[in-house]
Amino acid sequence: MALLPILQYPDPRLHKVAKPVATVTEQTRKLIRDMAETMYAAPGVGLAATQVDVHERIVVIDVSDTHDKLQVFINPTLTSSSGAEESEEGCLSVPGIYENVTRAERVMVSALDEQGKAFTLEADGLLAICIQHEMDHLQGKVFVEHLSHLKQTRIRAKLIKQRRETL
Ligand code: NI
């Protein structure tokens, strides 16, 4: 296993649109293991392949308190969503920034697991938020892009300044 470097906003590669996985192979499973290790080490509750500069529709999530309930979503699609809920989000690609985002309260997602087997899952709470946040990444969208342009400009300036100071 290996820790993968996580792209940092505003890296333009975060805006690439991921392609569907044609066949789930051993290589896909190796990437998933590395993504999970990277997510747990960060630590974070979700990671999209886009964030490690692999532009395939793969997401790993673990919202459990015990950090041992990995959920894998390959080629995820939302089949339905309902309600609206505002909650504070953060992102491993946008360190130190936490902002409120409104998303659907409940979602139904269809995807493949790491064996290539199709499943459907109904989610609410943190898992529903996380699924929507990670699926945004696959579309090349970072959570701060749900905010006003003024806020986005401020966040970009802050992150660029922070990075310059740590170099
Ligand atoms: Ni994120």
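Look a little higher up for the structure.
The rules behind each value
Residues numbered from 1 in each chain as written. Predicted model: local features only at pLDDT ≥ 70, side-chain atom pairs only at ≥ 80, totals over all residues. Heavy atoms only, no water. Helix = DSSP H or I, 4+ residues; strand = E, 2+ residues; numbered from the N terminus. Rg over C-alpha atoms; globule rule 2.2 N^0.38 Å. Buried < 20%, exposed > 50% of the residue type's maximum accessible area, 1.4 Å probe, protein only. Contact = heavy atoms within 4.5 Å. 1 Å grid on protein atoms, 1.4 Å probe; cavity = no way out; pocket = protein on both sides within 12 Å on 5 of 7 lines; lining within 4 Å. Points joined across faces, edges and corners; volume = space filled by probe spheres on them. Nonpolar A, V, L, I, M, F, W, Y, C, P; charged D, E, K, R; others polar. Core = buried A, V, L, I, M, F, W, Y, C linked by side-chain atoms within 4.5 Å. Donors = N, O, S within 2.8 Å, 3.2 Å for Na, K, Ca; no water.

### A short note on the overall build of the chain
Part 1 of the reasoning: The secondary structure content of the chain amounts to 3 helices and 7 strands.
Part 2 of the reasoning: Starting at the N terminus, the α and β elements of the chain follow one another as α-β-β-β-β-β-β-β-α-α.
Part 3 of the reasoning: Relative to the globule expectation of 15 Å for 167 residues, the C-alpha radius of gyration of the chain, 15 Å, shows essentially globular dimensions.
Part 4 of the reasoning: Dimensions of the chain, computed from the C-alpha atoms along their principal axes, are close to 45 × 40 × 30 Å.
Part 5 of the reasoning: Within the span of the chain, comprising 167 residues, buried residues form 44% of the whole.
Part 6 of the reasoning: Sequence separation of at least 24 residues holds for 65% of the intrachain contacts in the chain that already meet a minimum separation of 6.

### Section: unusual backbone geometry
With the exception of glycine, most residues fall at negative phi, and the peptide bonds are largely trans.
Part 1 of the reasoning: Each neighbour pair has its own omega, and for tyrosine 9 with proline 10 the value is 5 degrees, a cis peptide bond.
Part 2 of the reasoning: Relative to the helices and strands, proline 10 resides in the segment before α1 (26-41).
Part 3 of the reasoning: Going from alanine 42 to proline 43, the amide bond is cis rather than trans, its omega being -10 degrees.
Part 4 of the reasoning: Notably, histidine 67 is not glycine yet its phi reads approximately 55 degrees, a positive angle.
Part 5 of the reasoning: Its location among the elements puts histidine 67 in the loop between β2 (58-61) and β3 (71-82).
Part 6 of the reasoning: Despite not being glycine, asparagine 75 shows a phi value in the positive range, around 50 degrees.

### Overview of the layout of surface pockets
Part 1 of the reasoning: Of the voids in this model, the largest pocket is the one considered here, and its volume is about 370 Å³.
Part 2 of the reasoning: Forming the walls of the largest pocket are 22 residues, and the residues nearest its centre are Val45, Glu89, Gly90, Cys91 and His133.
Part 3 of the reasoning: Elements with a minimum of two residues in the lining of the largest pocket: β4 (85-89) and α2 (125-138).
Part 4 of the reasoning: With 6 residues, the single largest contributor to the lining of the largest pocket is α2.
Part 5 of the reasoning: Taken together, the residues of the lining of the largest pocket break down into 11 nonpolar, 8 polar and 3 charged.

### With respect to the nonpolar core
Part 1 of the reasoning: Ranked by size, the top nonpolar core spans 16 residues in total, and within it Val59, Ile61, Phe73, Ala123 and Ile131 carry the most contacts.
Part 2 of the reasoning: Going through the elements one at a time, β2, β6 (106-112) and α2 are the ones with two or more residues in this core.
Part 3 of the reasoning: Among the elements that take part in this core, α2 stands out by supplying 6 residues, more than any other.
Part 4 of the reasoning: If near-sequence neighbours (up to four positions away) are discounted, isoleucine 61 is found in contact with Met39, Val45, Gly46, Lys69, Leu70, Gln71, Phe73, Leu127, Cys130, Ile131 and Glu134.

### Things to note about the coordination of the nickel ion
Part 1 of the reasoning: Around the nickel ion, the protein contributes the donor atoms Cys91 (SG), His133 (NE2) and His137 (NE2), at 2.1 to 2.2 Å from the metal centre.
Part 2 of the reasoning: Owing to a relative accessible area of 11%, cysteine 91 belongs among the buried residues under this scheme.
Part 3 of the reasoning: The class for histidine 133 is buried, based on a relative accessible area of 6%.

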